[in-house]
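# Observations on chain architecture
Residue-level listing of the chains:
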Amino acid sequence: MPFDFKRFSWNLKLSLIVNAVAFKNPAPAGTRFVSRKKTYKSDIDVSLYKYPHTIIEAIKSNPPDILALSNYSWNSRLSERICEIAKTYNPRCVTAQGGTNFPHQAPLQRDFLIERPHTDFHIELEGEVAFVELIRLTLAARDGTTRMFDAPVSGSVFIQPESRHTHLPVLV
């Protein structure tokens, strides 16, 4: 079932980073999300960034509630560092990465996320639907109707926060 943007009152500051790579059609998820935001005229504040120093400055001056970053082999550690900065300025910031630099096997996915303690979610494959679901879940968690990590999030992988620092972290 598609996400109904009109159903929710948006009260989030959403920051997306678009890296300096040549995208082909279809447009990257962030661009499509911005166009939908204009269509629905929501109250969401979306910012797109291309360069690391500009997103870091933006995080420091106005910490986001959700931070979405690309994850490729050449920027994976940089994206994790930016997630760490975001969590420093807003510990409740929901952080997500998405891109091709993510293993397919569950044990390797768990290891990948253990090595990135400031990344809450990794969005798999085509991220548009999963990212919108993550926003819906964040809004519901802010309303108190659900908790962020109680159930799987379609198209996303995460480690149960309560198990992250145990001898057997739980991958969801």
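Relevant structure appears above.
About the cut-offs
Here the residue index of a chain counts from 1 through its sequence in written order. Note on the predicted model: pLDDT of at least 70 is required for a residue's local features to be given, and 80 or more for side-chain atom pairs to be given and counted; whole-chain, interface and lining totals, by contrast, use all residues. Remark: hydrogens and water are excluded; side-chain values derive from all non-hydrogen atoms of the structure. A run of H or I in DSSP becomes a helix once it reaches four residues, and a run of E becomes a strand once it reaches two; helices and strands are each numbered from the N terminus. Partly exposed describes any residue whose relative accessible area lies between the buried limit of under 20% and the exposed limit of over 50%, with all areas from a 1.4 Å probe on protein chains only and scaled to the type maximum. Note on areas: Shrake-Rupley, 1.4 Å probe, and residue coverage restricted to the protein chains presented here. By definition, a salt bridge exists where a carboxyl oxygen of Asp or Glu is found within 4 Å of a side-chain nitrogen of Lys or Arg. Among the buried residues, those of types Ala, Val, Leu, Ile, Met, Phe, Trp, Tyr and Cys that are joined through side-chain atoms within 4.5 Å form a nonpolar core. DSSP calls a pair of strands paired once it identifies at least 2 bridges connecting them. Note on handedness: a clockwise path from strand one over the helix to strand two, with the strands aimed away from the viewer, defines a right-handed crossover.

### Notes on the overall build of the chain
- Along its length, the chain carries five helices and six strands.
- Starting at the N terminus and walking to the C terminus, you meet the elements of the chain as β-α-β-α-β-α-β-α-β-α-β.
- With 172 residues in all, the chain has 45% of them scored as buried.
- Of the roughly 9,700 Å² of accessible surface on the chain, 54% is carried by carbon and sulfur atoms.

### Some remarks on the pattern of salt bridges
- In total, this model carries four salt bridges according to the counting rule given.
- The residue glutamate 115 makes a salt bridge to arginine 77 at a minimum N-O spacing of 3.5 Å. Of the two residues, glutamate 115 sits in the loop between helix H4 (106-114) and strand S5 (121-123) while arginine 77 sits in helix H3 (residues 76-89), which places them 38 residues apart along the sequence.
- Take glutamate 115: its relative accessible area is 47%, and that puts it in the partly exposed class.
- Across the salt bridge formed by lysine 87 and aspartate 120, the nearest N and O atoms sit 2.7 Å from each other. Residue lysine 87 is located in helix H3, and its partner aspartate 120 is located in the loop between H4 and S5; the two are separated by 33 residues in the primary sequence. Here lysine 87 matches aspartate 120 in class, with each residue buried.
- What emerges from the salt-bridge pattern is a single network uniting Arg77, Glu115 and Arg116.

### Observations concerning the nonpolar core
- Val94, Phe121, Ile123, Phe131, Leu134 and Met148 are the most contacted members of the largest nonpolar core, which totals 15 residues.
- For this core, the elements supplying multiple residues, two or more each, are strand S3 (66-70), strand S4 (94-98), S5 and helix H5 (128-143).
- Per element, the largest residue contribution to this core is six residues, and it comes from H5.
- Membership of the second largest hydrophobic core comes to twelve residues, among which are Tyr49, Ile56, Ala58 and Ile85.

### Some details on the pairing of S3
- Burial runs high along S3: five of the five residues are buried.
- Because side chains alternate across S3, one face comprises the buried residues Ile66, Ala68 and Ser70, and the other comprises Leu67 and Leu69, equally buried.
- Where S3 meets S4, five bridges bridge the pair, whose relative direction is parallel. Its bridge partner lying in S4, alanine 68 is registered against alanine 96.
- This β-α-β element, S3 to H3 to S4, shows right-handed connectivity.

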